[in-house]
Amino acid sequence: MLNGIDSEFSPLKQFYTNFLKTFSNDDLEFFKSLTSDEERIQFVYDLPSLEGFEISENKTLKSSDLAKKLKEDGNKAFQVDQFKVALALYSKAIIKQPQNSSNEKEELSVLFANRSAALYHIKEYDAALQDIKSALENNYPLNLQYKICDRKARCFLALNQLKSAQDSFRETIQALDNAKLNSEKKQKWQRDIQIMLAMLDKNKDLKNVPRTSAKDYTSQFKDGVNKQYPSASSVVTIREDPQMGRFAEAKIDIKPGDLLVKEKPHCAVLLDQYTSTHCFECFRRAKAPVPCPTCSNVLFCSKPCLQSALQTHHAAECSILPALWQSGASVTVLMALRIITQRQLEHFLQLRPSLEKSIKDKPYKSDDYRRVYNLVNHGSDRSAEDFLHRTVVAVFLLRCLKTTDYFKMQDENTITTNEKMLSENEKFIGGLILRHIQSLQFNSHEVSELVIDGKNKKSVFIGGAVYPTLALFNHSCNPGIVRYQKGTEVIARAIRTIRSGEMVAENYGPIFTQEGRESRQSKLRNQYWFDCQCEACLEDWPTLDNMSSDVMRFRCDCGNTLLVPVNTPEFMIPCHSCNQHANIFKGLKVLQDTDMMFRVAKSLVDEGNFVSGVQKFVELLTMLDSVLVPPFQDYHICQQEIRTCMLTCGNVHKEK
């Protein structure tokens, strides 16, 4: 989970600190009397001191001169076979290249073509094909098209797409008619291509070999989709309790490894420090970045991602991103704005009459704004000072949004003649932004990427997202699930056996194996406003390092825990709960077998076979769970290994 409004020393935080000096006690008393978010927005917006925070459209501009210099440097690197260096320089040039005139677009097409050559040499054939397509779409010079047609054919050859390779070689023959080559060079090109075509023609069954994707541990729900909550498995149900609120519960016994949630975000925001390496839309690393046509702030991994962003949030945010980043606003604050900018104003105006109406009988879909609107925000528990801070931040976001075209399509009758005044629609949207700044404190999740450097693995926080279904899952310091992302989509799997009727809990940060109860509870109370009542807290379970290795915790058939010294000579252990004797011989045999299984699973992981490794660890954990009761050191070490393995099924970057 994510939290925070702004960083401690950010310009926005400093502005708020200075703003408080001008905010009188009378102002505060009046602010306390306000009962709606729209009233709070209107009051704070009208304060003269709020005009002191400068907002300007500050696009990171394109530059033909800089793009040209980067291209020249890329060409020099390419000529000495430094293809990865050339690739990076061409990519930077593409991001900086303006696209306003036909000449600028032609220069962009040359950059795409040059980059496709670098990609071809490092065997990134799919990315090279994408760049060749982009070059042609941007009017690559007719007299040079034979070069990229030939490169396209050779990319298809490398990918075993023989029919496409044949077609592309024939395109090359035609393109040579427009080439500005002397007759000798042109004839040589033609002869070389004819040789390739003759070789392909000998294949009587010329076809494209079907492309196969890498094995994916992410599958469909084993027991089908939950009809009420389509992003969740049918083995999960959502219940509501006056004390616990909404929470997930197991309808039947859930096994380790079972897929429980697979959900696309309602919205997601990439951290600004990753905008030069990751796609601004899907968060995947961009091997061959596609640029925004008007700014150099962000990049995209593909044209579909670019188009998706331009049709939604980036259309509104393109000009104000630098101001947002420079303000120091947290990712949760930027998400509150993104929830709005990814939809047009008209969408929210149409929904306005139904926002307060119950829709419990309708499927709980992640893209339904009303589900995000109704996430818990603890508004009744907030202090006036807390509301004031969040309102000032919401007004800052609203003022940024007003500098764009977002409100230009509203009804002319609602447009104010004074830019310093708020229209009804602007006040409504400002109120929504303030509402989301409150609710995202409790309902947002980090998006992570696992960075692998040799045998070292580190999960890196790259962005934030709101998953309306996952947000309904309560916390436990001994969580029942592990979550990871593929792009921005979240996948949650069981990390232990969860029995029918038991709460299916995730983790909001502190885990009992790593942090003591007092520290965990303090963090949860300060950040999420609740006292954790999970089993690990109630029983004060020790951290992993402090777990006793002298006592085994066996499971009796009655459900009671049997504490057995490791050096016991007895197999029949009395249970003081059911007054029967439990035979622990089977359990001891399981422990012997699991020791070998652990070594096998670990070796699979060390070899990079993470999918097989996680399956072996799941099998091991299931066996341990049948005889042992946590907390037990070997059990939780196995859980940690499964968690790491599962992360490799999501966003992964291998350092080279």
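Residues numbered from 1 in each chain as written. Predicted model: local features only at pLDDT ≥ 70, side-chain atom pairs only at ≥ 80, totals over all residues. Heavy atoms only, no water.

### Topic: the overall build of the chain
And then number 1: Within the chain, the secondary structure is distributed over 23 helices and 15 strands.
And then number 2: Overall, the C-alpha framework of the chain stretches about 100 × 75 × 45 Å when taken along its three principal axes.
And then number 3: Taking all 656 residues of the chain together, the buried fraction comes to 53%.
And then number 4: For the chain, the computed accessible surface area is about 31,700 Å², with 48% contributed by carbon and sulfur atoms.
And then number 5: In the chain, the 84 positive side-chain charges and the 81 negative ones have mean positions that sit 7 Å from each other. (Helix = DSSP H or I, 4+ residues; strand = E, 2+ residues; numbered from the N terminus. Buried < 20%, exposed > 50% of the residue type's maximum accessible area, 1.4 Å probe, protein only. Areas by Shrake-Rupley, 256 points an atom, 1.4 Å probe, with all protein chains shown as cover. Lys, Arg positive; Asp, Glu negative; His and termini not counted. Charge placed at Lys NZ, Arg CZ, Asp CG, Glu CD.)

### Some details on the packing of helix H2 (residues 25-33) against helix H17 (residues 384-402)
And then number 1: It is at 10 Å that the axes of H2 and H17 come closest, and there the two elements cross at 90°. Considering the angle they form, H2 stands roughly perpendicular to H17. Within the contact between the two elements, H2 uses Leu 28, Phe 31 and Lys 32 and H17 uses Ala 384, Glu 385, Phe 387, Leu 388 and Thr 391.
And then number 2: Partitioned by chemical class, the residues of the contact of H2 with H17 number five nonpolar, one polar and two charged. (Axes fitted to C-alpha atoms, helices over the stretch in contact; angles between N-to-C directions. Parallel < 35°, antiparallel > 145°, perpendicular 65-115°, else oblique. Contact = heavy atoms within 4.5 Å. Nonpolar A, V, L, I, M, F, W, Y, C, P; charged D, E, K, R; others polar.)

### A closer look at the nonpolar core
And then number 1: Phe 300 and Ile 429 are the most contacted members of the largest nonpolar core, which has 106 residues in total.
And then number 2: Top element by residues in this core is H17. It accounts for twelve residues.
And then number 3: Not counting chain neighbours up to four residues away, the residues in contact with Ile 429 comprise Ile 340, Leu 345, Phe 348, Leu 401 and Phe 407.
And then number 4: If you look at the next biggest cluster of nonpolar residues, it comprises 39 residues, including Phe 554, Phe 617, Leu 621 and Cys 638. (Core = buried A, V, L, I, M, F, W, Y, C linked by side-chain atoms within 4.5 Å.)

### Points about the sheet that holds strand E7 (residues 445-453)
And then number 1: Taken in spatial order, the four strands line up as E4-E8-E7-E15 in an open sheet, and their pairing is mixed. Edge positions in the open sheet fall to strand E4 (267-270) and strand E15 (652-654), since each of these has one partner strand only. Strand-to-strand twist across the sheet, computed as the mean angle between neighbouring axes with direction ignored, equals 35°.
And then number 2: Summarising the sheet, E4 and strand E8 (residues 456-466) pair through four bridges and their orientation is antiparallel. Counted as the bridge partner of Cys 267 is Val 466 from E8.
And then number 3: Across the sheet, helix H14 (residues 331-341) is in contact with E4 and E8; its angle to E4 comes to roughly 135°. (Pairing = 2+ DSSP bridges.)

### Digging into a nonpolar patch on the surface
And then number 1: On the surface, Phe 571, Met 572 and Phe 585 cluster together into a nonpolar patch covering about 300 Å² of accessible area.
And then number 2: Among the structural elements, Phe 585 can be located in helix H21 (residues 585-606). (Patch = residues over 30% accessible without salt bridge, like charges linked within 9 Å, V, L, I, M, F, W, Y side chains within 5 Å. Salt bridge = Lys/Arg side-chain N within 4 Å of Asp/Glu carboxyl O.)

### Brief notes about the packing of helix H4 (residues 64-79) against helix H6 (residues 102-121)
And then number 1: Axis separation between H4 and H6 bottoms out at 11 Å; the angle between their running directions is 25°. Between H4 and H6, the interaxial angle falls into the category roughly parallel. Crossing of H4 against H6: the hand is left-handed. Residues Ser 64, Lys 71, Asn 75 and Phe 78 of H4 lie in contact with H6, whose contacting residues are Glu 104, Glu 107, Val 110, Leu 111, Asn 114, Ala 117, Ala 118 and His 121.
And then number 2: Residues of the contact of H4 with H6, tallied by class, amount to five nonpolar, four polar and three charged. (Left-handed = near helix turned anticlockwise from the far one by under 90°.)

### Looking at the sheet that holds strand E10 (residues 489-494)
And then number 1: Across the sheet, three strands lie side by side as E3-E10-E9; this open sheet has antiparallel pairing. Strand pairing shows two members of the sheet lacking a second neighbour, strand E3 (259-263) and strand E9 (481-486), which therefore form its edges. On average, each strand axis in the sheet is tilted by 15° relative to the strand beside it, whichever way the strands run.
And then number 2: Both E9 and E10 contribute to a ladder of six bridges, which runs antiparallel.

### Comments concerning the side chain of Gln 639
And then number 1: You can see Gln 639 is positioned in helix H23 (residues 633-647).
And then number 2: The residues contacting Gln 639, other than those within four sequence positions of it, are Asn 478, Ile 495, Arg 496 and Leu 621.

### Some words on the environment of Tyr 467
And then number 1: You can see Tyr 467 is positioned in the loop between E8 and E9.
And then number 2: Of the residues examined, Tyr 467 reaches a relative accessible area of 0% and is grouped as buried.
And then number 3: Along the primary structure Tyr 467 and Glu 489 are separated by 22 residues, whereas in three dimensions their C-alpha atoms are 8.9 Å apart.
And then number 4: The contacts of Tyr 467, once residues within four sequence positions are left out, are Glu 263, Lys 264, Pro 265, His 445, Val 447, Gln 485, Thr 488, Glu 489 and Val 490.

### So, the pattern of salt bridges
And then number 1: With the rule as written, the count across this model stands at 33 salt bridges.
And then number 2: The closest approach of N and O atoms between Arg 499 and Asp 625, which form a salt bridge, is 3.6 Å. Note that Arg 499 is positioned in the loop between E10 and helix H19 (517-528) and Asp 625 in helix H22 (residues 610-627), a separation of 126 residues in sequence.
And then number 3: Overall, Arg 499 belongs to the partly exposed group, its relative accessible area being 35%.

### Quick word on the environment of Cys 267
And then number 1: Along the chain, the position of Cys 267 falls in strand E4.
And then number 2: Residues Cys 267 and Ile 339, 72 residues apart in the sequence, show an inter-C-alpha distance of 6.0 Å.
And then number 3: Discounting chain neighbours no more than four positions away, the residues touching Cys 267 are Met 335, Arg 338, Ile 339, Gln 342, Gly 464, Ala 465 and Val 466.

### A closer look at unusual backbone geometry
And then number 1: With omega at 5°, the peptide bond leading from Pro 630 into Pro 631 counts as cis.
And then number 2: Although it is not a glycine, Asp 540 adopts a positive phi angle of roughly 50°.
And then number 3: For Asp 540, the position within the fold is in the loop between helix H20 (535-538) and strand E11 (551-555).

### Side note on the pairing of strand E12 (residues 561-565)
And then number 1: Burial along E12 is one-sided: Leu 562 and Val 564 are buried, and none of Thr 561, Leu 563 and Pro 565, which face the opposite way, are.
And then number 2: Of the strand pairs in this sheet, E11 and E12 are connected by five bridges, and their pairing is antiparallel. Looking at the pairing, Val 551 lines up with Pro 565 of E12.
And then number 3: Hairpin connection of E11 to E12: five residues between the antiparallel strands, including Gly 559 at a positive phi of 100°.

### A short note on H6
And then number 1: Helix length check: H6, at 20 residues, gives a terminal C-alpha distance of 29 Å against a target of 28 Å (1.5 Å per residue), a fit within 8%.
And then number 2: Trailing H6 by a residue or two, Lys 123 shows a phi angle of about 65°, which is positive. (Expected span 1.5 Å × (residues − 1).)

### Overview of the pairing of E9
And then number 1: The buried fraction of E9 amounts to five of the six residues, a majority that puts the element mostly inside the structure.
And then number 2: Taken together, E9 and the strand that follows it, E10, pair antiparallel across an intervening segment of two residues, in which Gly 487 is found at a positive phi of about 70°.

### Brief notes about the confidence of the model for the chain
And then number 1: Of all residues in the chain, 95% attain a pLDDT of 70 or more, and the chain-wide mean is 90.
And then number 2: Taken together, the stretch residues 411-418 has pLDDT below 50 and engages in six contacts with residues farther than four places along the chain or on a different chain. (pLDDT = per-residue confidence, 0-100.)

### Observations concerning the environment of Gln 228
And then number 1: Following the sequence through the fold, Gln 228 ends up in the loop between helix H10 (183-201) and strand E1 (236-241).
And then number 2: With a relative accessible area of 26%, Gln 228 lands in the partly exposed category.
And then number 3: Through-space distance from the C-alpha of Gln 228 to that of Thr 294 is 42 Å; in sequence the pair is 66 residues apart.
And then number 4: Within the structure, the side chain of Gln 228 is placed 2.8 Å from the backbone oxygen of Lys 362, a separation counted as a polar contact. (Polar contact = N/O pair within 3.5 Å; in protein donor to acceptor, adjacent residues only side chain to side chain.)

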